[in-house]
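Chain by chain, the residues:
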Amino acid sequence: MSDSKADDDDSDSENARPTPKEPRQLSLVDVPEQLSDAKRGRLSVEDEISNVLRIARDNTSSIESQAEALSEIEQLCSLTSYNSSPSIRERIMKMGGSDAVKMAMLRSLDNVNLQRAGCAAIANLYSEGEGRVGTNSGTRVVDDDHVRVVVAAMGTHPCDLSVQRQGCRALVPLTRASKSPEKSIVASKAQCFRAAVGAVIGAMQAHTEDAEMQVFALCALLNLSKKSSSIHAIVNANGPWSIVVAMQNHPRIKTICSAACFILAKLSEEGGECAQAVKDVPGVSSTVLQIMSDYCDLRIQADCCKILCNACSGRGGCKEIINESEGIIETLLKAMQQQIHTVEVKVCCVKAI
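Every chain's residues receive numbers from 1 upward, in the order its sequence appears when written. Only residues with pLDDT of 70 or above have their local features reported here, since the model is predicted, and side-chain atom pairs are shown and tallied only from 80 upward, although totals for entire chains, interfaces and linings are computed over all residues. Neither water nor hydrogens contribute to the side-chain values; these are computed over all heavy atoms in the structure.

### Concerning the overall build of the chain
- Elements are defined by DSSP. Helices are runs of H or I of four residues or more, strands are runs of E of two residues or more, and each kind is numbered from the N terminus. Scanning the chain from N- to C-terminus turns up 20 helices and zero strands.
- Per-residue burial for the chain yields a buried fraction of 50% across its 353 residues.
- Contact definition: two residues touch when any of their heavy atoms are within 4.5 Å. Partitioning the intrachain contacts of the chain with sequence separation of at least 6 by distance along the chain shows that 71% fall at a separation of at least 24.
- Computed with the Shrake-Rupley method and a 1.4 Å probe, the accessible areas treat only the protein chains shown as cover for residues. Accessible surface for the chain amounts to roughly 17,200 Å². Of this, 49% is attributable to carbon and sulfur atoms. Throughout this description, buried means an accessible area under 20% of the type-specific maximum (1.4 Å probe, protein chains only), exposed means over 50%, and partly exposed covers the range between.

### Section: the pattern of salt bridges
- Salt bridges, as used here, are contacts in which a Lys or Arg side-chain nitrogen is within 4 Å of a carboxyl oxygen on Asp or Glu. Under the defined criterion, the tally for this structure stands at 11 salt bridges.
- Across the pair Asp145 and Lys102 runs a salt bridge, and its minimum N-O distance is 3.7 Å. Pair noted here: Asp145 is in helix H8 (residues 144-156) and Lys102 is in helix H6 (residues 97-107), with a separation of 43 residues, a long-range link.
- Residue Lys102 is classed as buried on the basis of its relative accessible area, which comes to 10%.
- A salt bridge links Arg299 to Asp303; the nearest nitrogen and oxygen atoms lie 3.2 Å apart. Linking Arg299 with Asp303, this pair stays in helix H17 (residues 298-312), spanning four residues, or about one helical turn.
- Arg299 sits in the partly exposed class, given a relative accessible area of 35%.
- Classification of Asp303 by relative accessible area gives buried; the value is 2%.
- Through salt bridges with shared partners, a single ionic network connects Asp99, Lys102, Asp145 and Arg148.

### Regarding the packing of helix H7 (residues 112-125) against H8
- All axes are obtained by fitting lines to C-alpha atoms, using only the stretch in contact for helices, and the reported angles, taken between N-to-C directions, cover 0 to 180 degrees. Running from N to C, H7 and H8 cross one another at 145 degrees; their axes reach a closest spacing of 10 Å. Read as a crossing pair, H7 and H8 show a hand that is left-handed. Residues Gln115, Cys119 and Ile122 of H7 form the contact with H8, whose own contacting residues are His146, Val149, Val150 and Ala153.
- Each residue gets one label: Ala, Val, Leu, Ile, Met, Phe, Trp, Tyr, Cys and Pro are nonpolar, Asp, Glu, Lys and Arg are charged, and the others, such as Gly, are polar. When its residues are assigned to classes, the contact of H7 with H8 shows five nonpolar, two polar and no charged. Take the far helix as your reference; a near helix turned counterclockwise from it by less than a right angle gives a left-handed crossing, and one turned clockwise gives a right-handed crossing.

### Focus: the confidence of the model for the chain
- Per-residue confidence from the predictor is reported as pLDDT, which spans 0 to 100. The share of residues in the chain with pLDDT of 70 or more is 67%, and the mean pLDDT across the chain is 77.
- Every residue in residues 129-140 is under pLDDT 50, and counting partners more than four places away or in other chains gives 30 contacts.
- Here residues 339-343 is modelled with pLDDT under 50, and outside its nearest four sequence neighbours on either side it reaches eight contacts, counting other chains as well.

### Brief notes about the state of the cysteines
- Cysteine sulfur atoms that pair up within 2.5 Å are treated as a disulfide. What the rule picks out here adds up to zero disulfides.
- Between Cys119, a cysteine without a disulfide, and Cys168, which holds the nearest cysteine sulfur, the sulfur-to-sulfur distance is 9.2 Å.
- When its relative accessible area of 0% is taken as the criterion, Cys119 is described as buried.

### Quick word on the environment of Glu269
- Residue position: Glu269 is located in helix H14 (residues 254-270).
- Each C-alpha atom of the pair Glu269 and Cys309 lies 9.5 Å from the other, and the pair is 40 residues apart in sequence.

### A word on the packing of helix H16 (residues 284-294) against H17
- Here H16 crosses H17 at 160 degrees, and the two axes come no closer than 9 Å. Here H16 lies roughly antiparallel to H17, going by the angle between them. Note that H16 runs across H17; the crossing there is left-handed. In this structure, H16 uses Val284, Ser285, Val288, Leu289, Ile291 and Met292 to contact H17, whose residues at the interface are Ile300, Gln301, Cys304, Cys305, Ile307 and Leu308.
- Here the contact of H16 with H17 is built from residues that sort into 10 nonpolar, two polar and no charged. For classification purposes, angles smaller than 35 degrees are called roughly parallel, those larger than 145 roughly antiparallel, those between 65 and 115 roughly perpendicular, and all remaining angles oblique.

### What about unusual backbone geometry?
- Its identity is not glycine, yet Asn238 carries a phi of approximately 65 degrees, on the positive side.
- Here Asn238 lies in the loop between helix H12 (228-236) and helix H13 (239-249).
- In this structure Asn238 comes out as partly exposed when scored by relative accessible area, which is 40%.

### Things to note about the environment of Leu161
- Note on placement: Leu161 falls in helix H9 (residues 161-174).
- Through-space distance from the C-alpha of Leu161 to that of His207 is 7.2 Å; in sequence the pair is 46 residues apart.
- Residues within four places of Leu161 in sequence aside, it is in contact with His207, Asp210 and Met213.

### Observations regarding the environment of Gln66
- Mapped onto the elements, Gln66 comes out in helix H4 (residues 63-78).
- In this structure Gln66 comes out as buried when scored by relative accessible area, which is 1%.
- Here the alpha-carbon distance between Gln66 and Val52, two residues 14 residues apart in the chain, equals 8.9 Å.
- Look past the residues within four positions of Gln66 in its chain and what remains in contact with it is Ile55, Ala56, Arg57, Asn59, Thr60, Ala104, Arg107, Ser108 and Leu114.

### What about H6?
- Those residues of H6 not exposed but buried are Gly97, Ser98, Ala100, Val101, Lys102, Ala104 and Met105.
- For H6, the secondary structure elements touched by its buried residues are helix H3 (45-58), H4, helix H5 (88-94), H7 and H8.

Pasting the structure below:
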């Protein structure tokens, strides 16, 4: 009897005394409101970043929430309301944002929405500077693992255009050379850069008609073509053919044509199997001549001349290219007239003629 009464007293006491509330697990449903609060100054940027990163790291039971968290990281990087130093990108990086994105992607490689959001987040996080974040203490070289996780996402979802597009966009800053890389860093990156070449060219071949993806892919490939460890990987992945197809499908997009001509010129100057691979692409000379005629641009015309010099080299080369392409002499002479004060273009034109 007394025990029962004691139980009742305890129950009444608990009812009378307010119980502390359990901390509510943050949901991404709250994030748009919090982001709006941050813009109005009600919530600090650091608090907003902390909330989003906590979901990305800890809310492993909900892939959907993690995908939304990665999307929020991408959006936070795009905010222009907080331009003070350090930038929002730097703040996210210093708080472990890039690693949070990487780990979330590795945990759910099969989830297309999360991979798409992760690639977009990495693209925005690394889009500042030359593969580095910040200019003072705290600068960091791109981690090889971020290249690998983007390549893994692209390889797992080759048919998803958004993943391929965002993956190529992420690889543009990730493959940009650091200002003063150590030899050990360069050596460690060689393998993942070769894998990146395969991912980029695979995306170009699978989605030939998507201009935006081709722009990102060629910009990434341009960065990769500057690395000695990647140049032969471009040839082995049938890169020259993919590059020429991109120019043929999108001749009015200058970024595509400029990057494509740079890469083909680089391969042509490399000599050996690289130069031969460019010569062997069907229609390369006629395509390059058309681009040369369409763009009165010093860099494009100089690169086109280098490609044509390569195409004309070898036994019977000039005869074959003239038979294949009408107006080659006229186009070269026109380029010399347009760039009359530019020695590089004139020399290349004379060599080709």
